[in-house]
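Chain and residue survey
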Amino acid sequence: MRFRSWSFCCHSCRGIMRLRIPSASLPVCIPNLSSISCERISSRSQMEGFHPGKAADMVVADRLALESKVAAIRAAGPAKLQVIADFDATLTKYWVDGRRGHSSHGLLQQDNPEFDAKRQALYEYYHPLEFSPTIPIEEKTKLMEEWWGKSHALLIEGGLSYDAIKKSVANSAVAFREGVAELLEFLEEKNVPVLIFSAGLADIIEEVLRQKLHKSFKNVKIISNRMVFNDGKLVAFKGKTIHVLNKNEHALDVAAPLHDKLGDVDGTIDDTDSVKKRTNVLLLGDHIGDLGMSDGLNYDTRVSVGFLNDNIEKSLESYGKAFDIVYLNDSPMYGVVKLVNELCSNGEN
Ligand SMILES: [Mg+2]
């Protein structure tokens, strides 16, 4: 794909930022950059590994609307903020070592080639159906339930062990975007809850967090399919299956009580700081459908960040309209670190 580079001077730090936009189409308004849209990291965020001169790829279609939302969230303070994030290709990179990075589902090897092959056969059958434009949504939902149900049954039947999960994660092509650790650390420091919604497997996502970031975060909760182990072997899954088409509607049911528990940093349940009180949202996703993760939360203000990793030329217009900020070309997370610094810059929890 051919790109055209656009360079801008940022008024806040006098730096130069470069946007690479597909040359065949430039459907969104390129903003006059402000401190919000500047990718250069200043103040607290001069973190290790970040190169201030490195170009980031970002599009903001409506700068004024974004500034207004950021100002509203900042004024309300971090006690009103929650972060909702998708996992695969949002917190993790789309490309890893020159190839498509693994998803939390895709990385799993059961140490049982027969069952790995059976799950791969399911993938080859159902994956094209997931993206078929001709199958009605009700029918597709049934197909996705079938796919997830059969996959989970194979994991149980094949005797998946927790050790196999650890080994699969260690051998996987999964990597967090640069800056994700800094983002989660900053939000933990500010007592801002982070809910990670995924149609994958919670146990695997937690293992990825452990192995790749080498720490756990008390403010991070995973809303995903959770396994039950007995003597180190998978025996069941908890609750209703979360698949790609019901991820958002179901996640809300699970998220509300978790929020209640997250509200109090001392670990006791405090209803006064429940989900209802966290009325501002920073949402991170890599599909337009991920915007649904905040449905039903009745938020006051939401800033949405989209990672457009592939098919940029075809999707830039729709992403530019759907998300407040769009990052292109598998960008690092440092722009979001800068953003949360701004969102939380007015007082403490
Ligand atoms: Mg994703």
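As recorded by an unreviewed UniProt entry, the protein chain carries the name 5'-nucleotidase and is attributed to Kalanchoe fedtschenkoi. The record held by UniProt for the protein chain lists under Catalytic activity (unreviewed entry) the comment "a ribonucleoside 5'-phosphate + H2O = a ribonucleoside + phosphate".

**Comments concerning the pairing of strand E7 (residues 194-201)**
A large share of E7 lies buried, amounting to eight of its eight residues. With five bridges connecting them, E7 and strand E8 (residues 220-230) associate as parallel partners. Across the sheet, valine 194 pairs through a bridge with valine 220, a residue of E8. Following the backbone out of E7, through helix H6 (residues 202-213) and into the adjacent parallel E8, one traces a crossover that is right-handed.

**Here we look at the packing of helix H2 (residues 113-130) against helix H3 (residues 137-157)**
Their axes nearest at 10 Å, the elements H2 and H3 cross at an angle of 170°. Between H2 and H3, the interaxial angle falls into the category roughly antiparallel. Along its contact with H2, which presents Phe115, Lys118, Arg119, Leu122, Tyr126, Leu129 and Glu130, the element H3 presents Lys140, Leu143, Met144, Trp147, Lys150, Ser151 and Leu154. Within the contact of H2 with H3, the residues separate by chemical class into eight nonpolar, one polar and five charged.

**Observations concerning the nonpolar core**
Grouped together as the largest cluster of nonpolar side chains are 70 residues, with contacts concentrated most on Val194, Ile196, Ile205, Leu282, Val326 and Val340. Looking at this core, the element that brings in the most residues is helix H9 (residues 334-343), giving six residues. The residues touching valine 340, leaving out its near neighbours within four places in the chain, are Leu183, Phe186, Leu187 and Leu282.

**Here's the deal with the environment of threonine 92**
Mapping threonine 92 onto the fold places it in the loop between strand E4 (81-86) and strand E5 (95-96). With 85 residues separating them in the primary sequence, threonine 92 and arginine 177 have C-alpha atoms 5.3 Å apart.

**A closer look at the environment of leucine 187**
Examined against the element boundaries, leucine 187 turns out to sit in helix H5 (residues 180-189). Separated by 105 residues in the primary sequence, leucine 187 and glutamine 82 have C-alpha atoms spaced 9.2 Å apart. Contact partners of leucine 187, with chain neighbours within four places excluded, come to Val83, Val192, Val194, Asn219 and Val340.

Criteria and cut-off values
- Residues numbered from 1 in each chain as written.
- Predicted model: local features only at pLDDT ≥ 70, side-chain atom pairs only at ≥ 80, totals over all residues.
- UniProt positions renumbered as here; feature names shortened; annotations may be inferred.
- Buried ≥ 20, exposed ≤ 12 C-beta atoms within 10 Å, placed from the backbone.
- Helix = DSSP H or I, 4+ residues; strand = E, 2+ residues; numbered from the N terminus.
- Pairing = 2+ DSSP bridges.
- Right-handed = clockwise from strand over helix to strand, strands pointing away.
- Axes fitted to C-alpha atoms, helices over the stretch in contact; angles between N-to-C directions.
- Parallel < 35°, antiparallel > 145°, perpendicular 65-115°, else oblique.
- Contact = placed C-beta atoms within 7 Å.
- Nonpolar A, V, L, I, M, F, W, Y, C, P; charged D, E, K, R; others polar.
- Core = buried A, V, L, I, M, F, W, Y, C linked by C-beta atoms within 7 Å.

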